[in-house]
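Remarks on the overall topology
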Amino acid sequence: MRLENTTPIAPMLNGTPRIELGASDATSVKVEMNGFRMLDLPYLWLRDNCLCDDCRVSETQEKRFMLSDVPADLSPLSVALDDSELVITWPDQHCTRFVLEDIVALSAPRHDPAMAWAPDFAPRYFDWSLFLHDDIAAAEAISTFLIDGAIVINSAPQDSETLELLSPRLGPIRELLFDRIHNVLVDTHVYNVAHTPFALPPHNDFASYSFPPTVQALHMLENDVEGGKSIIVDSWGVAEDLRRDRPDYFETLCEFAVPFREFDETNETFAVEPIIKCDTKGRIISVRFSNQLMQTMDPMKEGVKTFYQAYHEFCRRITDPTRHCTFRLEGGQILLVAAHRILHAREAFNPVGKRHLQDAYFELDNIANKLILLQRNAKVSHV
Ligand SMILES: [Fe+2]
Ligand SMILES: [Zn+2]
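So, here's what we can say about the structure. (Residues numbered from 1 in each chain as written. Chains lettered and ligands numbered in written order. Predicted model: local features only at pLDDT ≥ 70, side-chain atom pairs only at ≥ 80, totals over all residues. Heavy atoms only, no water.)

**Comments concerning the coordination of the zinc ion (ligand 2)**
- Bound to the zinc ion (ligand 2) on the protein side are C50 (SG), C52 (SG), C55 (SG) and H94 (NE2), at distances that span 2.1 to 2.3 Å.
- Given four donor atoms and angles of 101 to 117° at the metal, the environment of the zinc ion (ligand 2) is assigned as tetrahedral.
- Motif for the zinc ion (ligand 2), donor spacing along one chain: C-x1-C-x2-C-x38-H. (Donors = N, O, S within 2.8 Å, 3.2 Å for Na, K, Ca; no water. Tetrahedral: all angles 85-135°; square planar, octahedral: opposite > 155°, others 65-115°.)

See the structure below:
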């Protein structure tokens, strides 16, 4: 491979007076800044991500080029810097160009990551009509939701179609068995402890699905009862503390699969999944916790004894009131929770008077991507 000029390009990143090609090797192109490695770009990555109209569907920006059309040991004929662009010529004379700034920008997250709660955490409140009709207010609410995992929307209409109206902001409702919009009342079809005045321990809904809904909206239509305060818990914070204090327990909860079931005369849902799931880097991506839906498991199953020790400790921490954020959800308020992270609970209440809650489910992907659209539109309107 031939390295063409190593002339420094014009300053393009903060404090970058000199950018040049580094020494070549057999697998990647190095780009250096002041002698330090800035980028290490594998040849196959460079070829696979070519942006030209031959390699992309120009209307959609989708990739057309298929990596297996070149050999695994592909290497460029030449690499050069042309101002702020990296120019690669391949053995078949195909030319690939990259703006270095665009490559650097790939390391930026799409949105702010979830952040642990402070000990005095309380959800932020946003106005219903601004959330629906003002893009800047909606972007701020969604961004807060992605960081905190919980917000409250205030002054929502107190009627039973209200949750349907959130779809322009939250995406389509994720339908599950039982109902599209779930009514939580004492005098209703009882298939869950929520339909009684008893206290509800922290849980996420539909642990009995292999992939439970990732967002839950709890809309209080009326709340005239004594008691019944709402409680939310950041289960990821609890699980991180457990990982620090008892890594063996944490590992057990990641590995041991637990049966969950929710059912009535006409519906049957069942899943066998671990309490904690992590991504490929070991970061927590979901906690599944539902005392009410957890099923009796075969006591002879391997690992039950170890699981119960770990689960006892996790239950103790989840039910610890110092981890709870407690508040009263009034009529016209909607609590929105990132349901794989934030558990919800309810204190017992005196069923004299009316308490009517409705639940609907949404998907976090749709909401996170809505924020990208809102931010893009805000940029365009500033131009
Ligand atoms: Fe629930
Ligand atoms: Zn190309």
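**Quick notes on the coordination of the iron ion (ligand 1)**
- Binding of the iron ion (ligand 1) to the protein goes through H203 (NE2), D205 (OD) and H344 (NE2), at separations of 2.2 Å.
- Read in sequence order, the donor residues for the iron ion (ligand 1) give the motif H-x1-D-x138-H.

**Quick notes on the pattern of salt bridges**
- Applying the stated criterion across every chain yields a total of 24 salt bridges.
- The partner of D82 in a salt bridge is R97, with the nearest N and O atoms 2.8 Å apart. Remark: R97 occurs in strand β9 (residues 95-99) and D82 occurs in strand β7 (residues 78-82); sequence separation between them is 15 residues.
- Looking at D82, the relative accessible area reads 36%, which means it is partly exposed. (Salt bridge = Lys/Arg side-chain N within 4 Å of Asp/Glu carboxyl O. Helix = DSSP H or I, 4+ residues; strand = E, 2+ residues; numbered from the N terminus. Buried < 20%, exposed > 50% of the residue type's maximum accessible area, 1.4 Å probe, protein only.)

**A closer look at the environment of T252**
- Structurally, T252 is set in helix α7 (residues 247-255).
- For the pair formed by T252 and Q358, sequence separation is 106 residues and the distance between their alpha carbons is 35 Å.
- Residues contacting T252, with those up to four places away along its chain left out, are T306, F307 and A310. (Contact = heavy atoms within 4.5 Å.)

**Regarding the pairing of strand β8 (residues 85-89)**
- Most of β8 is tucked away: four of the five residues are buried.
- Summarising the sheet, β7 and β8 pair through five bridges and their orientation is antiparallel. In the sheet register, A80 faces β8, and the bridge partner there is V87.
- Hairpin connection, β7 to β8: the antiparallel pair is bridged by two residues, and D83 has positive phi, about 55°.
- Where β8 meets β9, five bridges bridge the pair, whose relative direction is antiparallel. Its bridge partner being in β9, T89 is matched across the sheet by C95. (Pairing = 2+ DSSP bridges.)

**Some points on the side chain of S290**
- With respect to the helices and strands, S290 occurs in the loop between β20 (284-287) and α8 (304-318).
- Within the local environment of S290, its side chain forms a polar contact with the backbone nitrogen of L293, the two atoms lying 3.2 Å apart.
- Those residues in contact with S290 that lie beyond four places of it in its chain are H203, N204, A207 and F260. (Polar contact = N/O pair within 3.5 Å; in protein donor to acceptor, adjacent residues only side chain to side chain.)

**Topic: helix α6 (residues 235-245)**
- Within the sequence span of α6, burial applies to S235, G237, V238, A239 and L242.
- Next to the buried residues of α6 lie β16 (230-234), α7, β19 (276-278), β20, α8 and β23 (342-346).

**A few points about the pairing of strand β11 (residues 150-154)**
- Burial of β11 is extensive: four of the five residues sit out of reach of the surface.
- Both strand β10 (residues 124-127) and β11 contribute to a ladder of four bridges, which runs parallel. Note that in β11 the partner of R124 across the bridge is I151.
- Across four bridges, β11 lies against strand β22 (residues 333-338) in antiparallel orientation. Residue I151 lies in a different strand from β22, and its bridge partner there is L336.

**A look at the sheet that holds strand β14 (residues 215-223)**
- Across the sheet, which stays open at both edges, the six strands sit in the order β10-β11-β22-β14-β25-β12 with mixed pairing between neighbours. Edge positions in the sheet fall to β10 and β12 (182-184), since each has one partner strand and no second. For this sheet, the mean angle separating the axes of adjacent strands, direction not counted, is 25°. (Axes fitted to C-alpha atoms, helices over the stretch in contact; angles between N-to-C directions.)

**A short note on the packing of aromatic side chains**
- Considering all chains together, one arrives at 11 aromatic pairs under this definition.
- A ring pair is formed by F178 and F206, whose centres lie 6.1 Å apart and whose planes are at 40°; its orientation type is tilted. Of the two residues, F178 sits in the loop between α5 (167-170) and β12 while F206 sits in the loop between β13 (200-203) and β14, which places them 28 residues apart along the sequence.
- What makes F178 buried here is its relative accessible area of 14%.
- We classify F206 as buried; its relative accessible area is 3%.
- Seen in terms of ring centroids, F206 and Y209 are 5.5 Å apart; in terms of plane orientation they differ by 85°. Their pairing is edge-to-face.
- Following the ring pairs from residue to residue traces out a cluster consisting of F256, F289, F307, Y308, Y311 and F314. (Phe/Tyr/Trp six-rings, centres within 6.5 Å; stacked < 30°, edge-to-face > 60°.)

**Quick look at the packing of α6 against α7**
- Relative to each other, α6 and α7 sit at 125°, their axes nearing to 5 Å. Of the possible angle classes, the one that applies to α6 and α7 is oblique. Across from A239, L242, R243, R244 and D245 in α6, the residues of α7 making contact are P247, Y249, F250 and L253.
- Counted by class, the contact of α6 with α7 contains six nonpolar, no polar and three charged residues. (Parallel < 35°, antiparallel > 145°, perpendicular 65-115°, else oblique. Nonpolar A, V, L, I, M, F, W, Y, C, P; charged D, E, K, R; others polar.)

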